[in-house]
Amino acid sequence: MPGAAFLHCIEQHKGKGGETMLADGFKAAAILKENHPEKYRLLSTKGAYFKDIGDDFIKFNSIAHHPPFVHDARGQMMKVNWNHFTRDSYFDVDIDQVEEFYDAMRSYDDILNSPACHIRYKMEPGDMVTTKNLRVLHGRSELEGGVSGRHLQCGYVDWDEIRSTMRVTREKLRVAAQQ
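Rules of the game
- Residues numbered from 1 in each chain as written.
- Predicted model: local features only at pLDDT ≥ 70, side-chain atom pairs only at ≥ 80, totals over all residues.
- Heavy atoms only, no water.
- Helix = DSSP H or I, 4+ residues; strand = E, 2+ residues; numbered from the N terminus.
- Contact = heavy atoms within 4.5 Å.
- Areas by Shrake-Rupley, 256 points an atom, 1.4 Å probe, with all protein chains shown as cover.
- Lys, Arg positive; Asp, Glu negative; His and termini not counted.
- Charge placed at Lys NZ, Arg CZ, Asp CG, Glu CD.
- Pairing = 2+ DSSP bridges.
- Axes fitted to C-alpha atoms, helices over the stretch in contact; angles between N-to-C directions.
- Patch = residues over 30% accessible without salt bridge, like charges linked within 9 Å, V, L, I, M, F, W, Y side chains within 5 Å.
- Salt bridge = Lys/Arg side-chain N within 4 Å of Asp/Glu carboxyl O.
- pLDDT = per-residue confidence, 0-100.

(A) Summary view of the overall build of the protein chain. Counting secondary structure elements, the protein chain contains four helices and eleven strands. Projected onto the principal axes, the alpha-carbon positions of the protein chain cover approximately 65 × 50 × 35 Å. For the protein chain, the proportion of contacts with a sequence separation of at least 24, taken over those separated by at least 6, is 77%. Counting every atom, the protein chain has about 11500 Å² of accessible surface; 54% of that belongs to carbon and sulfur. Taking the 24 positively charged and 26 negatively charged side chains of the protein chain as two groups, their mean positions are separated by 6 Å.

(B) Here's a closer look at the environment of Ile-31. Tracing the chain through its elements places Ile-31 in helix 1 (residues 25-35). Sequence separation between Ile-31 and Leu-112 is 81 residues, and the spatial gap between their C-alpha atoms is 9.7 Å. In contact with Ile-31, other than residues within four places in its own chain, are Ile-111 and Cys-117.

(C) Focus on the sheet that holds strand 8 (residues 118-121). Strand order in the open sheet made by the three strands is 8-2-10, with antiparallel pairing throughout. Looking at strand neighbours, the two that pair on one side only are strand 8 and strand 10 (136-140), the edges of this open sheet. If you compare each strand with its neighbour and ignore which way they point, the axes differ by 20° on average. Here five bridges tie strand 2 (residues 20-24) to strand 10, and the two strands are oriented antiparallel to one another. Bridge pairing links Ala-23 to Leu-137 in strand 10. Helix 1 contacts strand 2 and strand 10 of the sheet and is inclined by roughly 50° relative to strand 2.

(D) Geometry of a positive patch on the surface. A surface patch of like charges, here positive, comprises Lys-132, Arg-163, Arg-167 and Arg-170. If you tally residues by element for the positive patch, the top one is helix 4 (residues 159-178), at three residues. For Arg-170, the location among the structural elements is in helix 4.

(E) Fine view of the confidence of the model for the protein chain. On average, residues of the protein chain score 89 in pLDDT, and 98% of them are at 70 or above. The least confident element of the protein chain, judged by mean pLDDT, is strand 7 (residues 87-91) at 71; the most confident is helix 1 at 97.

Below, the structure written as structure tokens:
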């Protein structure tokens, strides 16, 4: 999963709705852990499958398998895998845990959508929002008043590419300053 997301507003919905919604996935996970530790454990230890197949500028067929919450060796949250559009219906849970897994996902989703964990911002043409894609989840509110021309152009970049560019740029600036 790419580490940074860039959301560029080209055209905005003319009616009510269409706000960009940004949610802190780590904060929502911490609230779930505090209030429902067993649900947190399920989402941290049981895997789900994610599929994203289609055409953009190129054909793609991405399939991944991991738990919704991923931690490092010290137990610190590293990333949240949460996308209803790409999550498949296959989970690594025993048949008697399927309902518990869905209940844990529903509880987490409710926390994400609570005012304590997300903000709404109606972007204007030309606006760009950049997020840490492994932590911040993005979506939009319902479009009211019919369909209109809302268009966000999204791009994603891995952090290793961003850090590499930063190191190369710093070195160029250091060399230029010495000349």
